[in-house]
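Each chain, written out:
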Amino acid sequence: MAVLPLLLVLMQSLIQYPQPAGDGLDEATHRRMKERQELLDHEMARLLQELEEQEQGWGAVLSGALQQWPFWVLAGVLLLLGLWFTCRRRSGEASNNDVHEGEERVHRQKEYTDVNVEEQGDMNVAANTKEDRKEGKQGNVSACKKEDRDGGKRESGNVEDREKTREIGYEQGMLLMDHREWPVEALERGCSVIAELMESLTHVFVDSVSNSFYPVPQEAIGVGSAFEGWSPRDWDGVYRVLVPLNPPPGHAFHLERNSAGQVADRTFSVCVELVCTCKKEQVEEKPLCFLHHSREELRQKQKRSLLETLCTSPYLDMEKTSRWFCHLVRSSWLQVPQWHSWYVVFQPCSRSCRLELSKGRESLTVEMLFGVRRGDSDIFVVSQTTKASITASTAWAETYAVAEAKFFRHIARQLPCESLHLKCLQLFTCILRGIGFSSSTWKTEVMHVLTIVPLSRWHRRAFARRLWDIMAYLDRCLQLTHLRHFVLGNERLPAEISLPPAMRGVVPPNLFEHLARETAAHREARQAYGRLRFRLGVLLSSH
């Protein structure tokens, strides 16, 4: 502080410093100049003394402050805490703003869904026939009117706002598709390897059982999410194939239903019967007829029948069949070309054949299920349990996996964007983690919406719109506590999917029956839907 006055005095002394007196100056002038010089010297000394005193004072203050360091540390900590709480409060306010924006976004998105759901005794779902709907026309799940945030009043949507919302939804949906990694390519690679392996094994199987009376394996069918092109979050990484089994010569399979209760959880027993082969013409040596030759002759000249090898009483035993099938795969492995490049490890399993393939860092797990076809349809009974615990080894569960896989292949051939429906499934089951709904529920929802919304509208630009269509369908199903089984009794199935005649006319089971019975479960499902709707809105708004 004293430096500035000191500099001013020095400058003043330089400016006003008396010049050397000439010989011509008188004594009075010499005296005044001398007095002036003494005055300046005295002022300079005083300022230097004040400067030294101030420096000593600041040193004392600094020394005292250093002695009080705990106080200053505490003050610093309190200051940092204050700043942290302030930042946290501001962050919370920003988060609340984001929440409100996300909720507004959700309400706006509901205005451009293409699913129209009406209740007429049962749930009837139809697609809107026009892409652009006029103002005031109803038919949307959320309708054209919405509740005003401030007063709760209802007002008609503005055409420009609807168009703007629609365009924003298009852009955000496309951005979401472009900025996410989808597992389609990796799944296609794994499915391709498994399909080639099963094709090679099938050729060996046919040759191996040609001179015996064991079941005849047919061409394997890829089933499950992997072969459909998507993978839920809880996917176990196993590629599953179904190997249909045909009866050997002189035998026939008949299915006997042995389970009561839900239609969707039925089980059957595969009854093995001997049939006469006496009148059949065969080019090669004709086997002996099991019905018209003596047991002694059959024992001496022919191998044992299927009833004596893989059956328990007259029914095909899946555990015995599993052991035989695994042995068949082991003995056939060295005869397929893949054994040169893949290392195989057989994993124990009582009702299927599971093996792990590895090649360098690449590893694949395949599970071979075996089943019996119901007539000429795409419905099978297979060697896997249903949701209910099955202890009998002769109880084969009915499955619709082949029909569903066939439906996905049918859809992929017709969609403008062949994987758009799979990306919808992937988003709901993996990215959004389902939030209270199983992967099978989401799969059923998506398959129903695929039969409702025209396939020409499943293009890349409409990704966000299709997501909201699926949400709208789920919302209505929860309101009615009714979700129909997709295969059983579905009149919208493509003609190429074959069902037993009795199955087409059956009343579709309600997959949400438990929600209709249990109020608490229904309430939780509604809450889960609300959380999911909000998260979807935020997800789309962030892209």
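Residues numbered from 1 in each chain as written. Predicted model: local features only at pLDDT ≥ 70, side-chain atom pairs only at ≥ 80, totals over all residues. Heavy atoms only, no water.

A. Spotlight on the overall build of the chain. Across its full length, the chain carries 16 helices and 16 strands. Buried residues in the chain amount to 44% of all 543 residues. (Helix = DSSP H or I, 4+ residues; strand = E, 2+ residues; numbered from the N terminus. Buried < 20%, exposed > 50% of the residue type's maximum accessible area, 1.4 Å probe, protein only.)

B. Expanded view of the packing of aromatic side chains. Inspection of every chain in the model, using the stated rule, returns 11 aromatic pairs. On the numbers, 4.9 Å between centres and 80° between planes, the contact of F213 with F290 is edge-to-face. With a gap of 77 residues between them, F213 in the loop between α5 (184–209) and β5 (216–217) and F290 in the loop between β9 (267–274) and α7 (295–301) connect regions that are remote in the sequence. Three or more aromatic residues link up through ring pairs in this structure, and these residues are F205, Y214, W324, F325, F370 and W396. In this structure, R330 packs its charged tip against the face of F346, placed 4.3 Å from the ring centre. R466 extends its terminal NZ or CZ atom over the ring of W458, reaching a point 6.0 Å from the ring centre. (Phe/Tyr/Trp six-rings, centres within 6.5 Å; stacked < 30°, edge-to-face > 60°. Lys NZ or Arg CZ within 6 Å of the ring centre and 35° of its normal.)

C. Structural detail: helix α10 (residues 401–414). For α10, built from 14 residues, the straight-helix expectation of 20 Å at 1.5 Å per residue is met to within 8% by its first-to-last C-alpha distance of 20 Å. Those residues of α10 lying buried are A401, V402, A403, E404, A405, F407, F408, H410 and I411. (Expected span 1.5 Å × (residues − 1).)

D. Geometry of unusual backbone geometry. Even without being glycine, S313 reaches a positive phi, approximately 60°. Inspection of the secondary structure assignment puts S313 in the loop between β10 (311–312) and β11 (315–316). Despite not being glycine, T481 has its phi angle at roughly 45°, a positive value. Within the secondary structure layout, T481 lies in the loop between α13 (463–480) and α14 (501–504).

E. Broad picture of a nonpolar patch on the surface. Judged by side-chain polarity, L79, L80 and L83 come together as a nonpolar surface patch covering roughly 320 Å² of accessible area. One can find L83 in helix α3 (residues 69–109). (Patch = residues over 30% accessible without salt bridge, like charges linked within 9 Å, V, L, I, M, F, W, Y side chains within 5 Å. Areas by Shrake-Rupley, 256 points an atom, 1.4 Å probe, with all protein chains shown as cover. Salt bridge = Lys/Arg side-chain N within 4 Å of Asp/Glu carboxyl O.)

F. Spotlight on the pattern of salt bridges. Taken as a whole, this structure holds 15 salt bridges when the rule is applied. In this structure, R189 engages E362 in a salt bridge whose closest nitrogen and oxygen atoms are separated by 3.1 Å. Here E362 lies in strand β14 (residues 362–373) and R189 lies in helix α5, a separation of 173 residues in the sequence. Looking at R189, the relative accessible area reads 42%, which means it is partly exposed. With relative accessibility at 24%, the residue E362 sits in the partly exposed group. Residues R466 and D469 are paired through a salt bridge, measuring 2.8 Å at the closest nitrogen-oxygen approach. In this pair, R466 and D469 are both assigned in helix α13, three residues apart and thus about one turn of the helix distant. For D469, a relative accessible area of 0% gives the class buried.

G. Fine view of the nonpolar core. With 54 residues, the main nonpolar core has F428, W442, W458 and L536 as its most contacted residues. Counting residues per element, the ones that place at least two in this core are α10, α11 (420–431), α12 (439–450), α13 and α16 (519–541). The next biggest cluster of nonpolar side chains, apart from the first, holds 44 residues, and it includes C191, L201, Y239 and L306. (Core = buried A, V, L, I, M, F, W, Y, C linked by side-chain atoms within 4.5 Å.)

H. Focus on the state of the cysteines. Counted according to the given criterion, the structure contains zero disulfides. No disulfide involves C278; its sulfur sits 3.6 Å from the nearest other cysteine sulfur, which is in C276. Judged by its relative accessible area of 33%, C278 falls in the partly exposed class. (Disulfide = S-S within 2.5 Å.)

I. Broad picture of α12. The end-to-end C-alpha separation of α12 is 17 Å, in line with the 16 Å expected for 12 residues at 1.5 Å each. The buried fraction of α12 is high, at 11 of 12 residues. The complete set of buried residues in α12 reads S439, T441, W442, K443, T444, E445, V446, M447, H448, V449 and L450.

J. Examining the environment of L242 more closely. By the secondary structure assignment, L242 is in strand β7 (residues 238–246). Residue class for L242 comes out buried when judged on its relative accessible area of 2%. In this structure, the C-alpha to C-alpha distance between L242 and A401, residues 159 residues apart in sequence, is 9.2 Å. When near neighbours in sequence (up to four residues on either side) are disregarded, L242 contacts E219, A220, I221, V223, L369, F370, G371, F380, V382 and V402. (Contact = heavy atoms within 4.5 Å.)

K. Here's a closer look at the packing of α12 against α13. Contact geometry of α12 with α13 gives a least axis separation of 10 Å together with a crossing angle of 110°. When the axis of α12 is compared with that of α13, the two are roughly perpendicular. The handedness of the crossing between α12 and α13 is right-handed. Along the contact surface, α12 presents W442, E445, V446, H448 and V449, while α13 presents D469, I470, M471, Y473, L474 and C477. Split by residue class, the contact of α12 with α13 holds eight nonpolar, one polar and two charged. (Axes fitted to C-alpha atoms, helices over the stretch in contact; angles between N-to-C directions. Parallel < 35°, antiparallel > 145°, perpendicular 65-115°, else oblique. Left-handed = near helix turned anticlockwise from the far one by under 90°. Nonpolar A, V, L, I, M, F, W, Y, C, P; charged D, E, K, R; others polar.)

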